[in-house]
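Observations on the model geometry
Listed below, chain by chain, are the residues.
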Amino acid sequence: MKNLIPKDWQKNLKAEFTKDYFHKLEVFIENQYTSTTVYPKKEELFYALKLCSFQNTKVVILGQDPYHNTNQAHGLAFSVKDGVKIPPSLRNIYKELHADCDFEIPKTGNLTKWAEQGVLLLNAVLSVEAHKPNSHKNKGWEQFTDAIIAEISTKKENVVFLLWGNYAKKKGENIDRKKHFVLETCHPSPLSAYKNDCWFGKKQFSKTNAYLETKNKVVIQW
């Protein structure tokens, strides 16, 4: 499984590969892909890391686990493949972007262009059994993605972390906030986004770019 991880990320995460949890995770994932339907495709497990190198990472958006229905997940948090109906959470992300940055809402939910600009779209859990949400929870992915966050927090500076919802906030508790810019809101899901004005109007995307500008970094073309 580690051979699917891009070389620059392998270099930064090599300590994880010798740990017991990672060996167990590898066995579990291999068994799942051979015995049942798993999303995303195996070659897309680390697509977020492939498109957004460690060196180029300047924004991190944390999701929970992949979409579990057919043809949705492709390794990027909140993103779906071209031609797939835009999910409700991403629709609310687009609505806020439109209000915040005069963003023209696209017909696709594919966020590949974000990833290619240095936005790491990282789910806490990187795989899921078809039609069974959270089915790969507590199998080791959380520890592995915690290590990714820790590496970014420790070895990089001036990264923007967007933590949406209680799950992401908890996962981001150990980010060094003296070195990085952390923005927290509720989750963009319709279940939470419309409650207590917690999602809309927070201008996270323009704040992200304003911060990047102060650090002489190229802003994200959302």
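To keep things clear, this report deals only with the structure shown in the data block.

What counts and how
Residues numbered from 1 in each chain as written. Predicted model: local features only at pLDDT ≥ 70, side-chain atom pairs only at ≥ 80, totals over all residues. Heavy atoms only, no water. Helix = DSSP H or I, 4+ residues; strand = E, 2+ residues; numbered from the N terminus. Rg over C-alpha atoms; globule rule 2.2 N^0.38 Å. Buried < 20%, exposed > 50% of the residue type's maximum accessible area, 1.4 Å probe, protein only. Areas by Shrake-Rupley, 256 points an atom, 1.4 Å probe, with all protein chains shown as cover. Lys, Arg positive; Asp, Glu negative; His and termini not counted. Charge placed at Lys NZ, Arg CZ, Asp CG, Glu CD. Disulfide = S-S within 2.5 Å. Pairing = 2+ DSSP bridges. Axes fitted to C-alpha atoms, helices over the stretch in contact; angles between N-to-C directions. Contact = heavy atoms within 4.5 Å. Parallel < 35°, antiparallel > 145°, perpendicular 65-115°, else oblique. Nonpolar A, V, L, I, M, F, W, Y, C, P; charged D, E, K, R; others polar. Phe/Tyr/Trp six-rings, centres within 6.5 Å; stacked < 30°, edge-to-face > 60°. Lys NZ or Arg CZ within 6 Å of the ring centre and 35° of its normal.

Our next topic: the overall build of the protein. Secondary structure summary: the protein contains nine helices and six strands in total. The C-alpha atoms of the protein give a radius of gyration of 17 Å, which matches the 17 Å a tight globule of 222 residues would have. C-alpha atoms of the protein, sized along the principal axes, occupy 45 × 35 × 30 Å. The 222 residues of the protein split such that 55% are buried. For the protein, the accessible surface area stands at approximately 11100 Å², while carbon and sulfur atoms represent 48% of it. A distance of 1 Å separates the average location of the 33 positive side-chain charges in the protein from that of its 24 negative side-chain charges.

Glancing now at the environment of Leu-191. Position of Leu-191 relative to the elements: it lies in helix 8 (residues 190–193). Put simply, Leu-191 and Ala-130 are 61 residues apart on the chain and 23 Å apart in space, counted from C-alpha to C-alpha.

Here we come to the state of the cysteines. Across all of its chains, the model carries one disulfide by this definition. Paired through a disulfide, Cys-186 and Cys-198 show a sulfur-sulfur distance of 2.0 Å. Around the S-S axis, the bridge from Cys-186 to Cys-198 shows a dihedral of about 80° and counts as right-handed. Residue Cys-186 is located in the loop between strand 6 (181–185) and helix 8, and its partner Cys-198 is located in the loop between helix 8 and helix 9 (204–214); the two are separated by twelve residues in the primary sequence. Accessibility expressed as a relative area gives 13% for Cys-186, which makes it buried. We classify Cys-198 as buried; its relative accessible area is 17%. The closest cysteine sulfur to the non-disulfide-bonded Cys-52 is located on Cys-101, 19 Å from its own sulfur.

Turning to the sheet that holds strand 2 (residues 59–63), a few remarks are in order. In space, the four strands of this open sheet follow the order 3-2-5-6, with parallel pairing throughout. The sheet is open, and its two edges are formed by strand 3 (119–123) and strand 6, each paired on a single side. Adjacent strand axes in the sheet meet at a mean angle of 20° when their direction is disregarded. The sheet contact formed by strand 2 and strand 5 (residues 160–164) spans three bridges and is parallel. In the strand pairing of strand 5, Val-60 is matched with Phe-161. Strand contacts of helix 6 (residues 141–155): strand 2, strand 3 and strand 5, with the helix running at about 150° to strand 3, the strand carrying the most contacts.

Turning our attention to the packing of helix 4 (residues 88–101) against helix 9. Relative orientation of the contacting elements helix 4 and helix 9 amounts to 60°, with a least axis distance of 8 Å. What the angle tells us is that helix 4 and helix 9 run oblique. Residues Ile-93, Glu-96, Leu-97, Asp-100 and Cys-101 of helix 4 pack against Gln-204, Phe-205 and Ser-206 of helix 9. In terms of residue class, the contact of helix 4 with helix 9 is made up of four nonpolar, two polar and two charged.

Below, the discussion takes up the packing of aromatic side chains. Taken as a whole, this structure holds 15 aromatic pairs when the rule is applied. Judged by centre distance (5.6 Å) and plane angle (45°), the rings of Phe-22 and Phe-144 are tilted. In this pair, Phe-22 sits in helix 2 (residues 20–35) while Phe-144 sits in helix 6, placing the two residues 122 residues apart along the sequence. Neither Phe-22 nor Phe-144 differs from the other in exposure class; each is buried. Residues Phe-46 and Phe-144 carry aromatic rings whose centres are separated by 6.1 Å and whose planes lie at 70° to one another, so their mutual orientation is edge-to-face. Note that Phe-46 is positioned in the loop between strand 1 (38–39) and helix 3 (47–51) and Phe-144 in helix 6, a separation of 98 residues in sequence. For the pair Phe-46 and Phe-144, one class covers both residues: buried. An aromatic cluster is defined as three or more aromatic residues linked by ring pairs; in this entry it consists of Phe-17, Tyr-21, Phe-22, Phe-46, Trp-141 and Phe-144. Note that Lys-156 overlies the ring of Phe-54, its terminal NZ or CZ placed 5.4 Å from the centroid.

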